[in-house]
Amino acid sequence: MKRILWVEDDAWMLDELMRPIRHSGVEVEIATTYISAQEKLEAGKHFDAVVVDLILPFGYEVRSSVLSAEKDEQFLGILLLRKIAAHYPNIPMYVLTAVLDRNVERLLSNLGVRRILKKPISPSELRNALLETISEL
Amino acid sequence: MKVFVAHSITDNQFVVNLTNLLRENGHDVFVPGEMLSSGNILSQISAAIRSADVLVAVITSSNPNILYELGLAAGAGIPTLIIARASEQLPANLASVPYVQLTGDMVRDVQVAFRRAKDLEGLSPRRVTEFKSAEAALRAATRDPSVLESFSPAELERLLAELFKERGYKVESTESTRDAGIDFVLKPRGNRGLVLVQVKKVGRQSRVSVETVRMLSSTVTALSAHLGMIVATSGFTASALALAAETPIVLHSVEGVLAARSEGDLLKHEDLDIVDQTLDDSGRAFELQEKRIEKLEAINLQQQEELAELNEATRLAEAKFKEAEERYKQAVCALDLKEQQVTELEAAKNRVELTGKAEAMTRLYHELLLPVQAIVANAHNLREAEALGLSSEDRAHNAEQVIAQAVRLGLQLQNAILSVSEGEKIYKPTRFSLRDLILEIIALFADEARAKEITLTLRADSPDDFIITGDRSKLRIAIYNVVANAVKYSFSSTQIELRIQSETDRLRVFIENLGIGVAPDEAEHIFKLGYRGTSAKDVSRVGSGMGLYIARQLINAHSGKIELQSSQGTNRGHRTVFEITLPRHLQESLG
């Protein structure tokens, strides 16, 4: 069974976005903060793709001054993608976000992000985009 | 002329040379050493001296006889020339006798002695007696140029001095006046001041120059005399005459002096008619001039003082000006610096504002987009319900979601509009139940609360309907914003409690949650536009920082108030209470 990691702090509200993917037999695991996404990746579970929103909360529960440098990052989603690219280079990366500009797009391409998807998006469009990659694997 | 040379034997060579020079020039010289005839030598010497025109006495301490010869000459009125070495101590009563000091240069000393002896010739009593009187001699000289020619300048001076004496003037000659080039000083009868007299023996074709007049004029001033007089054997230049007319100087020919019948004639210019006037005028002119000079000197002194003061003032002014200039420069520098700082500050402020606005707009967009995305997803799946295998329950839920998110989107849009609209807002007051409004708002958070495992409860302290007058939609968004904040920043598995209290003329609403809380130093900032607490950023990246700001604006417009009542730390997080107070009835128009 294929599995994707969806990093989205408003996932409860946007859950219907993932219904078609799930219907296609893909398991969607949700992380609502930067920290929880990192934890899920580090737990060793295999993910066939990650879908990341650029605007993410850091995660209150693990507040620590040691991490303050990371918290200062304007878009924690970008920080997360950078880490994934460095530590899990085989996981295809997707961005699903509302905020985008040319500079951010260029940065994301350089990081090796496969596709940048802009909200609002229809659930089937998102499914097709993700399945394209997943079926390749 | 006849010269008696009195000498000692040791001075022989000098005497021989002088005697030879005098004789070469046709003068008769008596030398005692040559008088070797028998008889009384003293009487011979005495006779010789009395018949001489000039006595030349070569004095040495080894020859006291000479003092005898000097005494004889003085008694006979014979002009005398003393010749002595510098080392020679001469008797004090000889101090006024003409004197040649020997230098040791024989040729020069002989020449000087010869010239001085010749100068004394005019003083010879023999020459004066020859003409019986000075006046006779001078009249002869004016008639016969050869007679005039025979008088030496010194002789002519002496004759004129004698003439004035003969006419009853006091005549004096002092060392100081002689040094100043004055031949003698005339004291007019009646003692009216001093007249300085210069006698000029000039060639027949020559004229006394203006320079002579000018110099005498200066001397008159310098010696505080009243008048200067030049007596010349010939005429004066035109400019000399012109200058004399302007200065206290009278010019005379020898003939003019002889022709003067009165003192007035003498003390005025020859061509002037008015008698005593000249002296008076001169005196007055002199006095006036003196006064003028005094005045001028006083003015000059005053001017100098004023100039000094002016210089000092100028110096001070310059210093002050420089100081002022320096201060000005510093001020300009400071101003420049300040302007630069202000400019930088403004630029920084603009940057912050721009960044702040851009950030706020980005967040606002994100917030608006959320319900849009939710609606799009739900509506899409509803359309694809068959293919996706949605149950009827799923479909109902999706439809509810679409409606709820649409309402939410409406509220967000209202927030957005309120946040960007400046100035007056339009309020439409109605009477409604605040309790019902709060229940409506709670319903909007049902899904989110469920997802976060949060329960939202409303507790009313009375069975009242909590009727209030106000703009319902404005109060809805105000309370919605406060509740949304509570939901957003609550920890999962907690309870958000809303309480509504009824008082006589007002209603109070408390919103209490357990979550990240508000730090004490942030309490006063949370109602500001665009402000987000540091903890808030950790929990949710979403949040425009406008909610509480808009809530306070709208509540204030209803003459109500919203406050952070408390935010206390517990072992499960911060218990935070917001309090909203609203008047039941509007006291005045809304806004």
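In case you missed it, the structure is sitting above this.
A short tour of the structure in this document, coming up. (Residues numbered from 1 in each chain as written. Chains lettered and ligands numbered in written order. Predicted model: local features only at pLDDT ≥ 70, side-chain atom pairs only at ≥ 80, totals over all residues. Heavy atoms only, no water.)

Quick look at the interface of chain B and chain A
On the chain A side, the residues contacting the 36 residues of chain B number 30 residues. At the boundary of chain B with chain A, total buried surface from both sides reaches about 2900 Å², with 62% on carbon and sulfur atoms. Counting every contact that joins chain B to chain A gives one salt bridge. On the surface where chain B and chain A come into contact, there are six residue pairs in polar contact (both at pLDDT 80 or more). For the side of chain B that touches chain A, the secondary structure elements donating two or more residues are helix H14 (277–383), helix H15 (385–388), helix H16 (392–420), helix H18 (446–451) and helix H20 (534–539) of chain B. It is H14 of chain B that contributes the most residues to the side of chain B that touches chain A, 15 residues altogether. Among the residues forming the side of chain B that touches chain A, the class breakdown is 16 nonpolar, twelve polar and eight charged. (Contact = heavy atoms within 4.5 Å. Buried area = accessible area lost by both parts, 1.4 Å probe. Salt bridge = Lys/Arg side-chain N within 4 Å of Asp/Glu carboxyl O. Polar contact = N/O pair within 3.5 Å; in protein donor to acceptor, adjacent residues only side chain to side chain. Helix = DSSP H or I, 4+ residues; strand = E, 2+ residues; numbered from the N terminus. Nonpolar A, V, L, I, M, F, W, Y, C, P; charged D, E, K, R; others polar.)

Details of the packing of helix H4 (residues 76–87) of chain A against helix H5 (residues 102–111) of chain A
Residues and elements named next belong to chain A. H5 packs onto H4 with a crossing angle of 15 degrees between their chain directions and a minimal axis gap of 10 Å. Considering the angle they form, H4 stands roughly parallel to H5. Between H4 and H5 lies a crossing of left-handed hand. Contacts between H4 and H5 pair Ile78, Leu81, Arg82 and Ala85 from the former with Val104, Leu107, Leu108 and Leu111 from the latter. (Axes fitted to C-alpha atoms, helices over the stretch in contact; angles between N-to-C directions. Parallel < 35°, antiparallel > 145°, perpendicular 65-115°, else oblique. Left-handed = near helix turned anticlockwise from the far one by under 90°.)

As for the sheet that holds strand S2 (residues 28–30) of chain B
Residue and element names in this part refer to chain B. The sheet built from five strands is open, its strands ordered S2-S1-S3-S4-S5 with parallel pairing. In this open sheet, the two strands that pair with only one neighbour each are S2 and strand S5 (99–102). Sheet twist, expressed as the mean angle between neighbouring strand axes with direction ignored, is 20 degrees. On the sheet, helix H4 (residues 106–119) packs against strand S3 (54–59), strand S4 (80–85) and S5 and is oriented at approximately 175 degrees with respect to S5. (Pairing = 2+ DSSP bridges.)

A few points about the nonpolar core
Residue and element names in this part refer to chain B. Leu434, Phe445, Leu456, Ile511 and Ile580 are the most contacted members of the largest nonpolar core, which has 51 residues in total. Of all the secondary-structure elements, those providing two or more residues to this core are H14, H16, helix H17 (434–444), helix H19 (472–488), strand S14 (495–502), strand S15 (506–515), helix H21 (547–557) and strand S17 (573–583). Per element, the largest residue contribution to this core is ten residues, and it comes from H19. Not counting residues within four places of it along the chain, the set of residues in contact with leucine 456 comprises Ile442, Phe445, Ala449, Val483, Val487, Ile496 and Leu498. One finds Leu160, Leu163, Tyr169 and Leu186 within the second-largest nonpolar core, a separate group that totals 32 residues. (Core = buried A, V, L, I, M, F, W, Y, C linked by side-chain atoms within 4.5 Å. Buried < 20%, exposed > 50% of the residue type's maximum accessible area, 1.4 Å probe, protein only.)

Honestly, that's just the spatial picture; any functional story needs more than this.
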